[in-house]
Structures are given as structure tokens and as C-alpha cells.
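# Structure at a glance
Listed below, chain by chain, are the residues.
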Amino acid sequence: MVSSCRIVIAVLERIVETIPFRDTLFPMEILAEISDKTLGLSEFEILGKNYELKKTARAILKNSEGLIGVQHLINDGVHKLPGGGVEEGETVEEALHRELREEVGCTAKIEREIGITIEYREKHKLIQIGYCYEVTLIEFVGEPTLEEDERISGLTMLWTTPEDAIARMKADVPNTYQGAFITKRELAFIEAYLRK
């Protein structure tokens, strides 16, 4: 019995190591894994529990002047990139276009993939996989239609350089549990964008 278990484990390890399988799970480069432990919120990682899985799409949205769109959540004490959750039946790219219409009131063209972050939010029992893309603004098509929690957070849009966005995010003092995750995630995305 023990030897057959070892064989199964060895086969599974080889399957996971194959490039096509890995690309199916994570088609972009993984930029950061963020957890309560890596944020200094806990001394250890909690393993073996059930977590909800959520996917999100984020945009490094460039305008014609080369500035990027950054959202300031005034009441949460953080800055973030435009984007949000992938809904049932949507692809990540479809979710990105929908979120840009809703949050920014614009259409945009996806230029390239930036990478992925994986967040393990112990307090919410949530694993969140964030996909980020560099996109170019095409046109404004109407006013943003913000959700209630976005209005409550005081969401405002600003256009700035990537370097200024990084400085703002590093100066942020998140006042919510999720705010610490947001800051770490967005910094990983913008820093990867500048490296590529």
C-alpha cells in the first residue's frame, strides 16, 4: 500500500512539473504570493482549510499621454488599479473590459499580459488569483457606474506616472484588512510592468 501511494505521488509530481499543465493553471508569470504571514499579520500560514476561490482582472490602463489610471479609495487609505472580480461565465479578459466600462467609463485594448498574484486571505477564507494586463484607453463611453461599496470607499480616479503610483501606494496606510493585500498586489503589478 505504501509503495503504491509513493508511485501515485511521483506521477502527480511529474504531471504538475509539465509545462502545458502549469500553463493551464497559471498562463501568466506568478509575480507574488501574498498571505497573512507575508504581510506580517500572522506568524504562520493556515493550511488544510476550505477556501473560496475568486479570480480578478486588473488593468494598467494607459492614456494617450502615457499616464496610468489609478483609483484612490479615500476612506480605505489605499490606491489601486482599475478592475474587479470575474463573474460566472466570463473570461478574465471579458471581466476586465466590463470592469473598465463600469469603473472608468471607457473602452480599452489589451496590449499584453503583466502577470498573476495569488492572495491567501485567512480572515475571509478566500484565495484570490489576480490577473493583470497592460491596456490602452480607446475612448470614454459614459460615466462610471460604481457599486455601493466603491461609492462608500470614496473611489476617485486619477491619472499619474507609474513611478508616482508606486510612491502613493508605498505611502498608503490601509485601514482595512483587505487594504494591505490590495497595496501589496498592486505594487507587484506596477513594478512588473516597469520591468517589462
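Structure: above.
Now for a quick tour of the structure.

The rules behind each value
- Residues numbered from 1 in each chain as written.
- Predicted model: local features only at pLDDT ≥ 70, side-chain atom pairs only at ≥ 80, totals over all residues.
- Heavy atoms only, no water.
- Pairing = 2+ DSSP bridges.
- Helix = DSSP H or I, 4+ residues; strand = E, 2+ residues; numbered from the N terminus.
- Axes fitted to C-alpha atoms, helices over the stretch in contact; angles between N-to-C directions.
- Parallel < 35°, antiparallel > 145°, perpendicular 65-115°, else oblique.
- Left-handed = near helix turned anticlockwise from the far one by under 90°.
- Contact = heavy atoms within 4.5 Å.
- Nonpolar A, V, L, I, M, F, W, Y, C, P; charged D, E, K, R; others polar.
- Core = buried A, V, L, I, M, F, W, Y, C linked by side-chain atoms within 4.5 Å.
- Buried < 20%, exposed > 50% of the residue type's maximum accessible area, 1.4 Å probe, protein only.
- Salt bridge = Lys/Arg side-chain N within 4 Å of Asp/Glu carboxyl O.
- Polar contact = N/O pair within 3.5 Å; in protein donor to acceptor, adjacent residues only side chain to side chain.
- Arc of directions from axis to C-beta.

What follows is about the pairing of strand β2 (residues 52–62). Examined bridge by bridge, β2 and strand β7 (residues 126–140) share 11 bridges and lie parallel to one another. Looking at the pairing, Leu61 lines up with Val135 of β7. In the sheet, β2 pairs with strand β5 (residues 83–85) via three bridges, with the strands oriented antiparallel. Its bridge partner lying in β5, Ala57 is registered against Gly84.

This next bit is on the packing of helix α5 (residues 162–171) against helix α6 (residues 177–195). Look at α5 against α6: their axes get within 10 Å of each other, and the N-to-C directions meet at 155 degrees. Comparing the axis directions of α5 and α6 gives the class roughly antiparallel. Every pair of crossing elements has a handedness; the one defined by α5 and α6 is left-handed. Here Pro162, Glu163, Ala165, Ile166, Met169 and Lys170 of α5 come into contact with α6, specifically with Thr183, Glu186, Leu187, Ile190, Glu191, Tyr193 and Leu194. Among the residues making up the contact of α5 with α6, the classes are represented as eight nonpolar, one polar and four charged.

Attention shifts here to the nonpolar core. Residues Ile60 and Ile190 are the most contacted members of the largest nonpolar core, which totals 21 residues. Contributions of two or more residues to this core are made by β1 (30–35), β3 (68–73), α5 and α6. In terms of residue count, the dominant contributor to this core is α6 (eight residues). When residues no more than four places from it in sequence are discounted, the contact partners of Ile60 are Ile68, Leu81, Cys132, Tyr133, Glu134, Val135, Phe189, Ile190 and Tyr193. By size, the runner-up hydrophobic cluster in this structure holds 18 residues, among which are Leu61, Ile116, Ile118 and Leu137.

Counted according to the given criterion, the structure contains 14 salt bridges. The salt bridge partner of Glu119 is Arg121, with a shortest N-O separation of 2.7 Å. Residue Glu119 is classed as buried on the basis of its relative accessible area of 0%. The class of Arg121 is buried, set by a relative accessible area of 5%.

This next bit is on the side chain of Arg121. Relative to the assigned elements, Arg121 resides in strand β6 (residues 106–121). Polar contacts involving the side chain of Arg121 include one to the side chain of Glu119, which spans 2.7 Å. In contact with Arg121, other than residues within four places in its own chain, are Asp36, Tyr51, Leu126, Gln128, Tyr177, Gln178, Phe181 and Arg185.

Right, let's talk about α5 for a bit. Looking at α5, one finds that the buried residues are Pro162, Ala165, Ile166 and Met169. The arc enclosing the buried residues of α5, seen along the axis, measures out at 100 degrees, which places them on a common side. For α5, the secondary structure elements touched by its buried residues are β3, β4 (78–80), β8 (155–160) and α6.

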